[in-house]
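Structural overview
As a plain string of letters, each chain reads:
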Amino acid sequence: LKLWGGDTTRGSHWVVSLSVMGEAPAHVKLTRSDAQVGNIILATGHSGLAGLGCKLLTREKDTSLFPQALQQFKTPVAQLTAGQCLARLIPQASLMDTSDGLADALIKCAKASGTHFTVDGSKLIVSAELLLAEIHFEEVDTLDLLFYGGEDFHLVASVPKDAWLKHQEVLETVGFYEIGVVEASVNQAPYASVQWQDGFREGLYEEKSFQHFKAEASTL
């Protein structure tokens, strides 16, 4: 049996995986490679909650204080409305889901488009449950979960600044918010980074995100 696709890499039980295919209008082009220097980076949702939910369940921690994290891990919701709204208003943009983590999406879009994605740390929306978990459990790192937790199924996009200003109110109603800007690439890692208020810039690295083929190879 040969398996194509990155959503199943190993396991001891049968897994049923469904794929849905469809068509998009010819003028809509939402790919990883369409980011342009000067674009505004957008995101949806609270990144890191699903990763926290997984950590709590696999390590048998007290889950009573973290209902949102458990719900986001157990029953993730695809951001179809947000994606469709973006496609309707700004059909030429870069777009990717964050199923393998926020950092993974930022890096892959930057690499595909030959740019550098810079996140403004002051604009990140951090869930209260992530902050609470860091207080309760020593091994929980809020920023690590936020960028590398995965399984959130939110969206990362980059759009022209004028388009964002024109459609900001509508896009915010479906969950998009501004987190950074696309800059010129230095053609080497890191392809994405976080700029903090104190001036420190922290690189984001692909190897810290979930790597499907690396996980598969480790089981051979």
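Notes on the structure in this doc start here. Computed from a prediction, not measured in an experiment: that's the story for all the values here.

1. A closer look at the overall build of the protein
Looking only at helices and strands, the protein features eight helices and eight strands. For 220 residues, the compact-globule formula gives about 17 Å, and the C-alpha radius of gyration of the protein, at 18 Å, lands near that figure. In terms of principal-axis extent, the alpha carbons of the protein reach across some 50 × 50 × 35 Å. The 220 residues of the protein split such that 40% are buried. The long-range fraction of contacts in the protein, counting pairs at least 24 apart against all pairs at least 6 apart in sequence, stands at 80%. Accessible area for the protein stands at about 12,800 Å²; split by element, carbon and sulfur atoms hold 54% of it.

2. A short note on the side chain of Asp104
Inspection of the secondary structure assignment puts Asp104 in helix α4 (residues 102–113). Contacts of Asp104, omitting those with residues within four sequence positions, involve Met96, Phe147 and Ser209.

Analysis parameters
- Residues numbered from 1 in each chain as written.
- Predicted model: local features only at pLDDT ≥ 70, side-chain atom pairs only at ≥ 80, totals over all residues.
- Heavy atoms only, no water.
- Helix = DSSP H or I, 4+ residues; strand = E, 2+ residues; numbered from the N terminus.
- Rg over C-alpha atoms; globule rule 2.2 N^0.38 Å.
- Buried < 20%, exposed > 50% of the residue type's maximum accessible area, 1.4 Å probe, protein only.
- Contact = heavy atoms within 4.5 Å.
- Areas by Shrake-Rupley, 256 points an atom, 1.4 Å probe, with all protein chains shown as cover.

In short, geometric facts, not functional conclusions.
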